[in-house]
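Observations on the model geometry
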Amino acid sequence: LVDGDELPWETNQMGIIKWYLHPSIEDTAIHSLIFYMQKILPRSRSGKLRVQGGQVIHFLEGSGYTVIDGEKLSWQEGDVLQIPLRWEGSTFQHFNDDPEREAILIFAEPNFVHALGVDRGSGFEVLEAAPEYRQ
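Here's what I pulled together on the structure shown here.

Rules used in this analysis
- Residues numbered from 1 in each chain as written.
- Predicted model: local features only at pLDDT ≥ 70, side-chain atom pairs only at ≥ 80, totals over all residues.
- Heavy atoms only, no water.
- Phe/Tyr/Trp six-rings, centres within 6.5 Å; stacked < 30°, edge-to-face > 60°.
- Helix = DSSP H or I, 4+ residues; strand = E, 2+ residues; numbered from the N terminus.
- Buried < 20%, exposed > 50% of the residue type's maximum accessible area, 1.4 Å probe, protein only.
- Lys NZ or Arg CZ within 6 Å of the ring centre and 35° of its normal.
- Salt bridge = Lys/Arg side-chain N within 4 Å of Asp/Glu carboxyl O.
- Pairing = 2+ DSSP bridges.
- Axes fitted to C-alpha atoms, helices over the stretch in contact; angles between N-to-C directions.

Here we look at the packing of aromatic side chains
Evaluation of the coordinates by the stated rule reveals 5 aromatic pairs. Both rings, one in Tyr 20 and one in Phe 35, keep their centres 5.6 Å apart while their planes meet at 90 degrees; by these two values the pair is edge-to-face. On the criterion of sequence distance, the pair formed by Tyr 20 in strand E2 (residues 15-21) and Phe 35 in strand E3 (residues 33-40) is long-range, its members being 15 residues apart. For Phe 35, a relative accessible area of 28% corresponds to the partly exposed category. Relative to Phe 107, the ring of Tyr 36 lies with its centre 4.5 Å away and its plane at 5 degrees, an arrangement referred to as stacked. Placement of the pair is Tyr 36 in strand E3 and Phe 107 in strand E10 (residues 103-110), with a sequence separation of 71 residues. For Tyr 36, a relative accessible area of 11% corresponds to the buried category. Joined through ring pairs, the aromatic side chains of Trp 19, Tyr 36 and Phe 107 make up one cluster. The ring of Trp 9 has Lys 39 lying over it, and the distance from NZ or CZ to the ring centre is 4.4 Å. Seen from the ring of Tyr 65, Lys 72 lies directly overhead, with NZ or CZ sitting 4.2 Å from the centre.

Considering the pattern of salt bridges
Should the charged atoms of two oppositely charged side chains come close, the side chains can pair. For the coordinates displayed, the defined rule picks out 3 salt bridges. The salt bridge partner of Asp 69 is Arg 86, with a shortest N-O separation of 2.2 Å. In this pair, Asp 69 is assigned in the loop between strand E6 (63-68) and strand E7 (71-76) and Arg 86 in the loop between strand E8 (80-82) and strand E9 (90-96), connecting sequence segments 17 residues apart. Take Arg 86: its relative accessible area is 31%, and that puts it in the partly exposed class. A salt bridge links Glu 77 to Arg 101, with the shortest nitrogen-to-oxygen separation between them at 3.2 Å. Taken together, the residues span a long stretch of sequence, with Glu 77 in the loop between E7 and E8 and Arg 101 in the loop between E9 and E10 at a distance of 24 residues. Judged by its relative accessible area of 43%, Glu 77 falls in the partly exposed class.

Let's talk about the pairing of E6
Where E6 and E7 come together, 6 bridges link them in antiparallel fashion. Residue pairing in the sheet places Ser 63 in a bridge with Gln 76 of E7. Two successive antiparallel strands, E6 and E7, enclose a turn made up of 2 residues, where Asp 69 displays a positive phi of approximately 45 degrees. Alignment of E6 against E9, held across 5 bridges, turns out to be antiparallel. Bridging across to E9, Val 67 finds its partner in Gln 93.

Some points on the sheet that holds E10
Taken in spatial order, the 6 strands line up as E1-E2-E3-E10-E5-E8 in an open sheet, and their pairing is antiparallel. Only two strands of the sheet have a single partner each, and these edge strands are strand E1 (10-12) and E8. Taking each pair of neighbouring strands and ignoring which way they run, the sheet shows an average axis angle of 30 degrees. One ladder, built from 5 bridges, connects strand E5 (residues 56-61) with E10; its direction is antiparallel. Along E10, the bridge assignment pairs Ile 57 with Phe 107.

Right, here's the structure in full:
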């Protein structure tokens, strides 16, 4: 059991994140998945990321849109989106367009970090940091 209430929120280049399963977390029973929650503040956005793709995102709370390789896709609470899995990678960024409510996103993806590396052959690059990130 991973108790989400006991996990800390972390602010990194991608935004405000709570890690449930990650390659560096060793005290969980499963290591084949990367699983995390992201909070996007009202009228804010995530970082912009270029990766191979393949992430599945459940929009638990809020509404907004995601831009994937220049295409804008609107979402609302309860929707699910998969970032396209492409050899050359996919670039995406999430936006919360609600002026009052936070958006909560849940991400899941296979953990190929130890087998293929973080870039999985197509790169892993933060192109723009979330506004909440301060170095």
